[in-house]
There are 2 protein chains.
Amino acid sequence: MNIKDIAKLSGVGVSTVSRVLNNHPDVKKETRDKVLEVIKECNYVPNNSARILKSNNMKHIGVLVKGIFNPFFSEMLKIIETGINDIGYTMILHHYDTNSLGGNEGEVLISFIKEKRLQGVICLGGNFSKIEEERFEEIEIPIVLTSVDSHMKINTKLFSRVCIDNKKAAYEATKYLIEKGHEHIAIMLGDEFDAGVSNRRVMGYMEALDEYHIPINKDYIVMGGYDFEPAYESAKKLLTASPEITVLFAISDIMAIGAGKAMSDLGFTVGKEISLLGFDGLNIGKYYTPALTTIEQPGKQMAEDCIDLLVQLIEEKEANQNIILETRLIERKSVCNFKG
Amino acid sequence: MNIKDIAKLSGVGVSTVSRVLNNHPDVKKETRDKVLEVIKECNYVPNNSARILKSNNMKHIGVLVKGIFNPFFSEMLKIIETGINDIGYTMILHHYDTNSLGGNEGEVLISFIKEKRLQGVICLGGNFSKIEEERFEEIEIPIVLTSVDSHMKINTKLFSRVCIDNKKAAYEATKYLIEKGHEHIAIMLGDEFDAGVSNRRVMGYMEALDEYHIPINKDYIVMGGYDFEPAYESAKKLLTASPEITVLFAISDIMAIGAGKAMSDLGFTVGKEISLLGFDGLNIGKYYTPALTTIEQPGKQMAEDCIDLLVQLIEEKEANQNIILETRLIERKSVCNFKG
DNA sequence: TTGTAGGCGTTATCAG
DNA sequence: CTGATAACGCCTACAA
């Protein structure tokens with residue numbers, strides 16, 4: 001069932017059908033109605049591939065997500081999707097995991113753009129630092145990177161970025177813990193190969209420690225795999241091996257919750273005998289017991305800024321930008337003062 | 001940069017390039033290498049739309065999700081994606097929310113299939129009971145519905161289904177609570193218009209109450225909007241208005257957690273002075289404090305069954321089926337006996 | 001206001 | 001083994 005069939009059935013030419021389909025004004029009402037009727041009767045749906053193939057301004061914005069199952073991304077995605085629809089574009093979501101390819105996110109990005117004929121892209125997460133400039137240059141549409149590592153050499157000729165200062169956020173978080181009297185401060189990162197975000201945050205952690213002349217203990221730096229289970233296991237091992245630890249700074253709320261369970265299982269009351277600090281500001285933290293103290297990333301704002309910026313870029317009203325947003329410490333119940 | 005350019009640059013015909021692209025064996029090694037080199041040099045990526053337009057067995061399986069942000073679906077999705085890749089297909093994810101259309105999921109489904117030229121579809125959630133048989137009949141590819149309401153008139157001529165018995169699960173859950181000595185049992189549903197799952201579960205709840213001659217109190221049936229915040233508000237209102245309630249059965253773990261917060265805020269210790277029962281068996285429940293007693297849906301199994309069934313269907317080795325899987329009560333710490 | 005025809009980038013068929 | 005060429009379904013000049 002294609003446009004030709006519809007044309008035949010309605011007794012008109014294909015272009016008329018096409019015009020009806022695309023809401024062109026220059027079709028007589030009768031003709032339009034007749035065609036519409038046939039379309040409905042046949043449950044005809046135009047073939048998208050052919051459409052895209054033909055015209056190349058389909059008002060599609062691509063969203064490339066690394067690890068869609070990260071709840072922080074999910075929350076941002078909701079806002080991004082709404083935003084894209086609001087400005088009259090269609091969102092095309094594509095997600096990938098690192099293991100599904102040779103860590104070459106640049107290739108994924110380029111394929112995505114070419115395949116889908118996108119007018120712009122937002123990348124959520126991922127590590128594009130290894131992509132050669134040359135490759136970026138060949139991309140002719142605007143790109144906005146968000147939630148990527150902020151230390152990456154930024155070239156606003158090539159792309160825009162909306163992010164937080166990961167190092168600073170972790171630095172301030174650690175400082176906060178130190179000022180609460182803690183000295184044995186452990187940090188839980190994502191995974192070893194996550195060159196981006198984890199790396200920046202551990203730098204901030206170390207800097208704060210340094211500033212207060214607290215020696216850095218390698219044993220206090222552990223990996224939690226960005227999920228409940230590995231975080232739980234990792235925390236259990238950590239706290240058993242180093243019982244002097246009084247606070248754990250987990251680099252994501254999910255890991256914090258996993259680690260919190262390990263703490264209770266080990267007999268500690270979180271927020272009283274041991275402290276726990278998260279990162280992200282997920283909704284769940286508010287409803288967790290004890291309510292999770294955490295570093296909030298301005299997810300909503302980041303999402304909105306991405307859309308706003310991208311539209312400006314697509315309409316060529318604006319040059320590439322590097323937007324850095326502020327994080328915020330949300331004090332709830334999971335961090336207490338160290339009572340020496 | 002298209003296949004023609006590559007052909008010209010490599011000094012071969014388009015068909016040869018196409019053959020290289022598709023790993024056809026009948027190309028001389030030298031030729032292949034030369035073409036490959038040019039492709040790499042030009043960073044050429046074939047146009048997917050054209051590809052799809054042309055051939056119509058692209059080994060694409062569509063996954064149509066209602067509310068991708070439901071964590072239970074996220075967990076299933078992980079497994080589905082892996083499964084689809086394992087059998088050599090590509091997953092195309094499409095999600096929608098009810099508000100984005102006139103509640104007409106059938107149309108979404110049909111458009112999705114036609115646009116993407118799918119070989120099979122898995123629908124996660126949604127309500128397809130209103131879709132006319134006629135429309136289903138016009139679909140020529142296998143469809144597997146999962147996590148949909150199980151009371152829907154099933155026609156295995158038209159589609160397959162993998163689900164749980166929602167009514168029975170809720171019945172048994174309620175019975176469990178009654179046998180724990182509870183009499184004032186409240187239930188929190190998703191939303192009023194969710195004709196499917198919520199509806200079936202409340203039926204099970206009422207049936208159990210009936211069986212034990214416990215009167216049904218309309219005030220005990222509330223809506224929690226499937227999210228923390230509304231569940232929290234709703235629970236707070238409920239427990240303030242009806243303080244005699246000793247247990248709340250929330251129809252999703254997320255709502256249970258939201259409601260749990262309301263309970264603590266009201267001064268109750270969950271699992272001691274008041275009980276809380278969830279539904280889904282999300283990972284988070286295990287790490288929640290107190291560990292959440294819940295009805296586990298066999299998400300992994302459901303996902304795997306969907307894939308297995310769909311492959312059989314696509315390869316025409318099997319007829320449509322209606323698979324009903326067992327739920328399981330996971331007793332943790334959030335439900336206690338009623339001490340009259 | 002409507003119809004005809006060419007082309008978008010691929011793949012498949014069929015000669016060579 | 002390789003190359004021309006005809007589809008695939010749609011959109012859009014251009015012509016009527």
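Residues numbered from 1 in each chain as written. Chains lettered and ligands numbered in written order. Predicted model: local features only at pLDDT ≥ 70, side-chain atom pairs only at ≥ 80, totals over all residues. Heavy atoms only, no water.

An unreviewed UniProt entry lists chain A under the name LacI family DNA-binding transcriptional regulator, with Holtiella tumoricola as the source organism.

1. Considering the protein's contact with DNA strand C
Our working rule: We call a residue near a given molecule or strand whenever any one of its heavy atoms falls within 4 Å of it. Pairs of N or O atoms within 3.5 Å make up the polar contacts considered here, provided that, within protein, one atom can donate a hydrogen while the other can accept it, and that residues adjacent in sequence are counted only when both atoms are side-chain atoms. Only DSSP runs of H or I reaching four residues or more are called helices, and only runs of E reaching two or more are called strands; each is numbered from the N terminus.
Around DNA strand C sit 28 residues in total, of which Gly13(A), Thr31(A), Ile3(B), Tyr44(B) and Arg51(B) are the nearest. What you see for DNA strand C is that sugar and phosphate hold 56% of its atoms within 4 Å of the protein. One of the backbone N or O atoms of Gly13(A) is found 2.5 Å from a phosphate oxygen in DNA strand C. Those elements that provide at least two residues to the surface near DNA strand C are α2 (14-21) and α4 (48-54) of chain A together with α2 (14-21) and α4 (48-54) of chain B.

2. Considerations on the domain arrangement of chain A
Bring the parts together and some accessible area is lost; that lost area is often taken as the interface size. Defined as follows: Each domain's extent was defined by an automatic or database domain assignment.
By the assigned domains, chain A splits into domain 1 (3-52), domain 2 (58-164 + 299-327) and domain 3 (166-297). Taken over C-alpha atoms, the centre of domain 1 of chain A sits 60 Å from the centre of domain 3 of chain A.

3. What about the relation of the copies chain A and chain B?
Put simply, the test is: The copies were overlaid with a least-squares fit restricted to C-alpha atoms from residues scoring a pLDDT of at least 70 in each copy. Any two residues whose heavy atoms approach within 4.5 Å are treated as being in contact.
Overlaying chain A on chain B yields an RMSD of 0.1 Å, the required transformation being a rotation through 180° with an accompanying axial translation of 0.1 Å. In symmetry terms, the pair is related by a two-fold rotation axis. For chain A, the residue whose C-alpha comes nearest the rotation axis is Ser49(A), separated from it by 2.2 Å. A high fraction, 97%, of the interface residues of chain A reappear at the interface in chain B, so the copies pair face to face through one surface.

4. Considerations on the packing of helix α1 (residues 3-10) of chain A against α2(A)
Residue and element names in this part refer to chain A. Going by this rule: Structural elements are reduced to axes, namely lines fitted to C-alpha atoms, with helices fitted over the stretch in contact, and the angle between N-to-C directions of any two is expressed from 0 to 180 degrees. The labels follow the angle: roughly parallel below 35 degrees, roughly antiparallel above 145, roughly perpendicular from 65 to 115, and oblique for the rest. Each residue receives one of three labels: charged for Asp, Glu, Lys and Arg, nonpolar for Ala, Val, Leu, Ile, Met, Phe, Trp, Tyr, Cys and Pro, and polar for the others, Gly being one of them.
Where α1 meets α2, the axes come as close as 8 Å, and the angle between the chain directions of the two elements is 105°. Overall, the two elements α1 and α2 adopt an arrangement that is roughly perpendicular. Here Ile 3, Lys 4, Ile 6 and Ala 7 of α1 come into contact with α2, specifically with Val 14, Val 17, Ser 18 and Leu 21. Within the contact of α1 with α2, the residues separate by chemical class into 6 nonpolar, 1 polar and 1 charged.

5. Focus on the sheet that holds strand β1 (residues 60-66) of chain A
Residue and element names in this part refer to chain A. To be explicit about the condition: A pair of strands is labelled paired if DSSP reports no fewer than 2 bridges between them.
Spatial ordering of the open sheet is given by β2-β1-β3-β4-β5-β11, a layout of 6 strands whose pairing is parallel. Two strands bound the open sheet, and with one partner strand each, they are β2 (90-96) and β11 (322-325). On average, adjacent strands in this sheet sit at an angle of 15° to one another, irrespective of strand direction. Across the sheet, helix α5 (residues 71-86) touches β1, β2, β3 (120-124) and β4 (143-146), and the angle it forms with β1 is around 175°.

6. Quick look at the protein's contact with DNA strand D
Taken together, 26 residues surround DNA strand D, and among them Ile3(A), Tyr44(A), Thr16(B), Thr31(B) and Lys54(B) come closest. When atoms of DNA strand D within 4 Å of the protein are sorted by moiety, sugar and phosphate together comprise 58%. With respect to DNA strand D, the backbone of Ile3(A) contributes an N or O atom lying 2.5 Å from a phosphate oxygen. Those elements that place two or more of their residues in the surface near DNA strand D are α2 and α4 of chain A together with α2 and α4 of chain B.

7. Quick look at the pairing of strand β4 (residues 143-146) of chain B
Residues and elements named next belong to chain B. Which entries qualify depends on this criterion: Each residue's exposure class comes from its accessible area (1.4 Å probe, protein chains only) as a fraction of the maximum for that residue type: buried when under 20%, exposed when over 50%, partly exposed otherwise.
With burial as the criterion, each face of β4 is covered, one bearing Ile 143 and Leu 145 and the other bearing Val 144 and Thr 146. Across 4 bridges, the pairing between strand β3 (residues 120-124) and β4 is parallel. Counterpart to Leu 124 in the pairing with β4 is Thr 146. Pairing analysis gives 3 bridges linking β4 to strand β5 (residues 160-164), with the strands arranged parallel. Paired with Thr 146 across the bridge in β5 is Val 162.

8. Topic: the side chain of Arg201(A)
Residue and element names in this part refer to chain A. Just so we agree on the cut-off: The convention is simple: Lys and Arg are positive, Asp and Glu are negative, and His and the chain ends are not counted. Every case where a carboxyl oxygen of Asp or Glu lies within 4 Å of a side-chain nitrogen of Lys or Arg is listed as a salt bridge.
Position of Arg 201 relative to the elements: it lies in helix α9 (residues 197-211). For the buried residue Arg 201, which engages in no salt bridge, the nearest side chain bearing the opposite charge is Asp 280, 4.7 Å off. At 2.9 Å, the side chain of Arg 201 forms a polar contact with the backbone oxygen of Ile 251. Among all residues touching Arg 201, those that are not within four sequence positions of it are Ile 164, Asn 166, Ala 170, Ile 187, Ile 251, Phe 279 and Gln 297.

9. Some remarks on the packing of helix α1 (residues 3-10) of chain B against helix α3 (residues 29-42) of chain B
Residues and elements named next belong to chain B. Threshold: Two helices that cross are described as forming a left-handed crossing if the nearer one is turned anticlockwise from the farther one by less than a right angle, and a right-handed crossing if clockwise.
Where α1 meets α3, the axes come as close as 9 Å, and the angle between the chain directions of the two elements is 125°. Considering their axes alone, α1 and α3 lie oblique with respect to each other. Where α1 crosses over α3, the handedness of that crossing is right-handed. Residues Ile 6, Leu 9 and Ser 10 of α1 form the contact with α3, whose participating residues are Lys 34, Val 35, Val 38, Ile 39 and Cys 42. When its residues are assigned to classes, the contact of α1 with α3 shows 6 nonpolar, 1 polar and 1 charged.

10. A word on the interface of chain A and chain B
Note the cut-off: Here's the idea: put two parts together, see how much 1.4 Å probe accessible area each one loses, and the total over both is what we call buried area.
With 39 residues of chain A at the contact, the number on the chain B side is 38 residues. When the two sides are added together, the surface that chain A and chain B hide from each other amounts to roughly 3,500 Å², 57% of it contributed by carbon and sulfur. Counting across the interface, chain A meets chain B through 0 salt bridges. Our count for the contact surface shared by chain A and chain B stands at 4 residue pairs in polar contact (both at pLDDT 80 or more). Where the side of chain A that touches chain B is concerned, the elements lending two or more residues are α4, α5, β2, α6 (105-116), α10 (228-241), α11 (253-265) and α12 (283-287) of chain A. The greatest single-element share of the side of chain A that touches chain B, amounting to 5 residues, is contributed by α4(A). Of the residues assigned to the side of chain A that touches chain B, the class counts are 17 nonpolar, 10 polar and 12 charged.

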